[in-house]
Amino acid sequence: EEERRKKREEFEKVLKFRTDQQLLYQLRSTYLTEMLAARGVPLPTIISVSTPDGEKPPEKVDWDCALSTDEEPKSCLYSFDAEPD
């Protein structure tokens, strides 16, 4: 039981580290994009892809595009693979 607890604690530490690293990666990426756009590089910025609430009506979305199964695997729309089922 003690060994299981230690493994669980170690797993949680690694998971927290990886989650923190992913967050930092996203923040750095956003910051870099904003700085490059400010220097004239044609990149989308947070402001350029944002709309004030109510300005643009919601679009109908086919959520099947985000469903990944073993038979029909699909990548996520972001930077990681969608989980099966």
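Above this text is the structure in question.
Residues numbered from 1 in each chain as written. Predicted model: local features only at pLDDT ≥ 70, side-chain atom pairs only at ≥ 80, totals over all residues. Heavy atoms only, no water.

Enquirer: What's the story with the overall build of the chain in this structure? I'm lost.
Expert: A count of helices and strands for the chain gives one helix and zero strands. Taken across its 85 residues, the chain has 4% of its residues classed as buried. Of the roughly 8,500 Å² of accessible surface on the chain, 57% is carried by carbon and sulfur atoms. (Helix = DSSP H or I, 4+ residues; strand = E, 2+ residues; numbered from the N terminus. Buried < 20%, exposed > 50% of the residue type's maximum accessible area, 1.4 Å probe, protein only. Areas by Shrake-Rupley, 256 points an atom, 1.4 Å probe, with all protein chains shown as cover.)

Enquirer: I tried to follow helix α1 (residues 2–38) on my own but got confused; where do I start?
Expert: Helix length check: α1 (37 residues) gives 54 Å between terminal C-alpha atoms against 54 Å at 1.5 Å per residue, within 8%. A positive backbone phi angle near 100° is found at glycine 40, which sits one or two residues after α1. (Expected span 1.5 Å × (residues − 1).)

Enquirer: Looking at this structure, I do not really get the side chain of threonine 45. What am I missing?
Expert: Relative to the elements of secondary structure, threonine 45 occurs in the segment after α1. Accessibility expressed as a relative area gives 18% for threonine 45, which makes it buried.

Enquirer: Looking at this structure, I do not really get a nonpolar patch on the surface. What am I missing?
Expert: There is a patch of nonpolar side chains on the surface, built from Leu32, Leu36, Val41 and Leu43 and spanning about 290 Å² of accessible area. One can find leucine 43 in the segment after α1. Taking relative accessible area as the criterion, leucine 43 reaches 35% and is therefore assigned partly exposed. (Patch = residues over 30% accessible without salt bridge, like charges linked within 9 Å, V, L, I, M, F, W, Y side chains within 5 Å. Salt bridge = Lys/Arg side-chain N within 4 Å of Asp/Glu carboxyl O.)

Enquirer: I'm lost on the pattern of salt bridges in this one. Help?
Expert: Side-chain pairs of opposite charge can arise where the charged atoms are in close proximity. Evaluation of the coordinates by the stated rule reveals five salt bridges. Residue lysine 7 is joined to glutamate 3 by a salt bridge in which the shortest nitrogen-to-oxygen separation is 3.6 Å. In this pair, lysine 7 and glutamate 3 are both assigned in helix α1, four residues apart and thus about one turn of the helix distant. The pair lysine 7 / glutamate 3 is uniform in exposure class, with both members exposed. For the salt bridge of arginine 8 with glutamate 12, the shortest nitrogen-to-oxygen distance reads 3.0 Å. Of this pair, arginine 8 and glutamate 12 both sit in helix α1, four residues apart, which is roughly one turn of that helix.

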